[in-house]
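Residue-level listing of the chains:
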2 protein chains.
Amino acid sequence: VPALIPGLNLVLASQSPRRRELLSLAGFTFTIQPASIPEVPSPDESPSAYVARLATEKAHALNPAPNQVILAADTTVALDSGLLLEKPANQQEAFAMLKALSGRSHSVFTAICLLHNKHHTTHVEHTSVWFAPLSESEIVEYIATGEPYDKAGGYGVQGQASKFIPRIEGCFFNVMGLPIHQVYRLFSEGGLLAKAETPSPAS
Amino acid sequence: VPALIPGLNLVLASQSPRRRELLSLAGFTFTIQPASIPEVPSPDESPSAYVARLATEKAHALNPAPNQVILAADTTVALDSGLLLEKPANQQEAFAMLKALSGRSHSVFTAICLLHNKHHTTHVEHTSVWFAPLSESEIVEYIATGEPYDKAGGYGVQGQASKFIPRIEGCFFNVMGLPIHQVYRLFSEGGLLAKAETPSPAS
């Protein structure tokens, strides 16, 4: 399994259970230290600039020790109009969001920020997601599952919303909140990955 | 949660743990009755014709009762050349497959077949999947996880191969083995879904 070089400790600056699950599935071990910062878009800030700023602020909120590598992330959902769909606060907001997503594509942006030795790298990943046309009863039934409330855009791609989503273009894991290939690439390009032992493939 | 109309029992004709997980995640209840048929491509059979034939044969192998709805599926991975990559039998085969997938895109085809009342509908879903360039040590390290062996193409998109996959185009769940939106659509168009109770969204 992939690992950081010995002596380095990976810290995930997020309380998202989905990010935790993805980083574990990819084989990494880490501790969790959520960073709490205000999450308010600035006027005229693009979705990608917004998530990049938040991920970077979350990473720097933690003030890491020299042996710590901080991974922070932020995800938002945007309509073509640029309107951001963040976590719905109540049933009405969830209904309006899902109605806005029905029968069309939207964009999911996740920024990841890797901070180590006072140096950080931030990457923004974009995925297009298509929703099938949803009836009002499908939307109401879905909201009743409770899934929308802690998720940007009001849906969980990996839960009961899966049946509404015929197509994506881009990184799937980005839609779940952590573009795991890009995380791996940042570790690798940052020289943070331990060298794998390389037994012969013919052994 | 979505359900078939009362009195109908859904039977999943597959022993794949991933198909079981996806159908459960989408909210359906079902029993499992794997159908065992020979899985051999005919000469000049296209990947999509091949999986369509197998899914249909699996469904018809079960001889369902009138109150049963059978869902069968078959998945294969194909290179642009048309070469099929099925489940690797050993380390050498897994190595050759992952080497062939490295640094390029390939196609995943899953056929689903819904059989009820002696009538069946078969749908084939296609997704393009991109692999990052893999080093030999990454391939060897990945094979050592044991993930390749029970999976078409020798990788699991939802496991430790996630870090190698920057992009897909199409249905993600298709790559996991069950295009759940198309399953839901077949249930819906077949008139098999129970009507949801529709509380007012404003309630």
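Scroll up a little and you will see the structure.
Calculation criteria
Residues numbered from 1 in each chain as written. Chains lettered and ligands numbered in written order. Predicted model: local features only at pLDDT ≥ 70, side-chain atom pairs only at ≥ 80, totals over all residues. Heavy atoms only, no water. Helix = DSSP H or I, 4+ residues; strand = E, 2+ residues; numbered from the N terminus. Rg over C-alpha atoms; globule rule 2.2 N^0.38 Å. Buried < 20%, exposed > 50% of the residue type's maximum accessible area, 1.4 Å probe, protein only. Contact = heavy atoms within 4.5 Å. Areas by Shrake-Rupley, 256 points an atom, 1.4 Å probe, with all protein chains shown as cover. Lys, Arg positive; Asp, Glu negative; His and termini not counted. Charge placed at Lys NZ, Arg CZ, Asp CG, Glu CD. Arc of directions from axis to C-beta. Polar contact = N/O pair within 3.5 Å; in protein donor to acceptor, adjacent residues only side chain to side chain. Axes fitted to C-alpha atoms, helices over the stretch in contact; angles between N-to-C directions. Parallel < 35°, antiparallel > 145°, perpendicular 65-115°, else oblique. Left-handed = near helix turned anticlockwise from the far one by under 90°. Nonpolar A, V, L, I, M, F, W, Y, C, P; charged D, E, K, R; others polar. 1 Å grid on protein atoms, 1.4 Å probe; cavity = no way out; pocket = protein on both sides within 12 Å on 5 of 7 lines; lining within 4 Å. Points joined across faces, edges and corners; volume = space filled by probe spheres on them. Least-squares fit on C-alpha atoms with pLDDT ≥ 70 in both. Pairing = 2+ DSSP bridges. Core = buried A, V, L, I, M, F, W, Y, C linked by side-chain atoms within 4.5 Å.

**Student:** Hey, could you run me through the overall build of chain A in this one?
**Tutor:** Along chain A, the regular secondary structure elements total six helices and seven strands. What you see in chain A, going N to C, is helices and strands ordered as β-α-β-α-β-β-α-β-β-α-β-α-α. Against the globule reference of 17 Å for 203 residues, chain A gives a C-alpha radius of gyration of 18 Å, in line with a compact fold. For chain A, the C-alpha atoms occupy an extent of roughly 55 × 45 × 25 Å along the three principal directions. The buried share of chain A, reckoned over its 203 residues, is 55%. A separation threshold of at least 6 residues defines the contact pool for chain A, and within that pool the share at least 24 residues apart is 67%. Accessible surface computed for chain A: about 8,500 Å², of which carbon and sulfur atoms make up 52%. For chain A, the distance from the average site of its 14 positive side-chain charges to the average site of its 18 negative ones is 4 Å.

**Student:** Mind showing me how you'd approach helix H3 (residues 91-101) of chain A here?
**Tutor:** Note that an α-helix has 3.6 residues per turn; residues three or four places apart therefore point the same way. All names here are of chain A. Listed as buried for H3 are Ala-94, Phe-95, Met-97, Leu-98 and Leu-101. Angular distribution of buried residues about the axis of H3 spans 165 degrees; they occupy a single face of the element. Tucked into the core, H3 has its buried residues touching strand E3 (68-78), strand E4 (84-85), strand E5 (105-116) and helix H4 (136-143). Backbone nitrogen of Gln-92 and a side-chain oxygen of the N-cap are separated by 3.1 Å at the start of H3; the cap is Asn-90.

**Student:** Sorry, what's going on with the packing of helix H3 (residues 91-101) of chain B against helix H4 (residues 136-143) of chain B here?
**Tutor:** For any two helices packed against each other, one specifies the inter-axial angle together with the distance between the axes. All names here are of chain B. At a minimum axis separation of 10 Å, H3 and H4 run at an interaxial angle of 135 degrees. As summarised for this structure, H3 and H4 are arranged oblique, according to the angle between their axes. The two elements H3 and H4 cross, and the hand of that crossing is right-handed. Seen from H3, the contacting residues are Gln-91, Ala-94, Phe-95, Leu-98 and Lys-99; seen from H4, they are Glu-136, Ile-139, Val-140, Tyr-142 and Ile-143.

**Student:** I tried to follow the interface of chain B and chain A on my own but got confused; where do I start?
**Tutor:** When the parts come together, some accessible area is lost, and that loss is often what is quoted as the size of the interface. Taken together, the 41 residues of chain B in the interface contact 41 residues of chain A. Taken together, chain B and chain A are joined by six residue pairs in polar contact (both at pLDDT 80 or more). Where the side of chain B that touches chain A is concerned, the elements lending two or more residues are H3, H4, strand E7 (167-170), helix H5 (172-176) and helix H6 (180-189) of chain B. Looking at the side of chain B that touches chain A residue by residue, the class counts come to 22 nonpolar, 13 polar and six charged.

**Student:** What exactly am I supposed to notice about empty space enclosed by the protein here?
**Tutor:** The method is simple in principle: a probe with the dimensions of a water molecule rolls over the atoms, and the space it marks as empty is what remains. Residues and elements named next belong to chain A. In the structure shown here, the tally under the stated rule is two cavities of 30 Å³ or more. There is about 40 Å³ of room inside the largest cavity. Among the residues forming the lining of the largest cavity, the class breakdown is four nonpolar, two polar and three charged. One number sums up the size of the second largest cavity: a volume of about 30 Å³. Lining the second largest cavity are Glu-138, Glu-141, Tyr-142, Thr-145, Gln-160, Lys-163 and Phe-164. For the lining of the second largest cavity, the residue count by class is two nonpolar, two polar and three charged.

**Student:** Would you mind going over the relation of the copies chain B and chain A with me for this structure?
**Tutor:** With an RMSD of 0.0 Å, the operation that places chain B on chain A is a rotation of 180 degrees combined with a shift of 0.0 Å along the axis. Classification of the inter-copy transformation places it as that of a two-fold axis. Distance from the rotation axis, computed per C-alpha, reaches its smallest value in chain B at B:Glu169: 2.2 Å. A symmetric contact is evident, with 100% of the interface residues of chain B recurring at the interface of chain A.

**Student:** Looking at this structure, I do not really get unusual backbone geometry. What am I missing?
**Tutor:** The bulk of non-glycine residues show a negative phi, and the bulk of peptide bonds are trans. In the Ramachandran plot, A:Lys118 falls in the positive-phi region, its phi being about 60 degrees despite a non-glycine side chain. Take A:Lys118: it is sitting in the loop between E5 and strand E6 (119-130). Classification of A:Lys118 by relative accessible area gives exposed; the value is 84%. A positive phi is found at B:Asn63, a non-glycine position, where the angle reads about 55 degrees. With respect to the helices and strands, the residue B:Asn63 is situated in the loop between helix H2 (47-60) and strand E3 (68-78).

**Student:** Which parts of the structure should I look at to understand the pairing of strand E7 (residues 167-170) of chain A?
**Tutor:** Looking down a regular strand, the side chains alternate between one sheet face and the other. In terms of strand pairing, E6(A) meets E7(A) through three bridges, oriented antiparallel. Residue pairing across strands places A:Ser128 opposite A:Glu169, the latter belonging to E7(A). Pairing of E7(A) with E7(B) involves three bridges; the strand directions are antiparallel. The partner of A:Gly170 across the bridge, within E7(B), is B:Ile168.

**Student:** Sorry, what's going on with the pairing of strand E6 (residues 119-130) of chain B here?
**Tutor:** Residue and element names in this part refer to chain B. One ladder, built from 12 bridges, connects strand E5 (residues 105-116) with E6; its direction is antiparallel. Considered in E6, the bridge of Ser-107 is made with Ser-128. The hairpin turn running from E5 into E6, its antiparallel successor, is two residues long, and Asn-117 in that turn takes a positive phi close to 55 degrees.

**Student:** So what exactly am I meant to see when it comes to the nonpolar core here?
**Tutor:** A general trend in soluble globular proteins is that nonpolar side chains are found buried together. By size, the foremost hydrophobic cluster in this structure holds 100 residues, and its most contacted members are A:Tyr155 and B:Tyr155. The residues contacting B:Tyr155, other than those within four sequence positions of it, are B:Leu98, B:Leu101, B:His106, B:Val108, B:Val129, B:Phe131, B:Tyr142, B:Pro148, B:Ala161, B:Ile165 and B:Val175. Formed by 19 residues, the second largest nonpolar core is a distinct cluster that contains B:Ala13, B:Leu54, B:Ala72 and B:Cys113.

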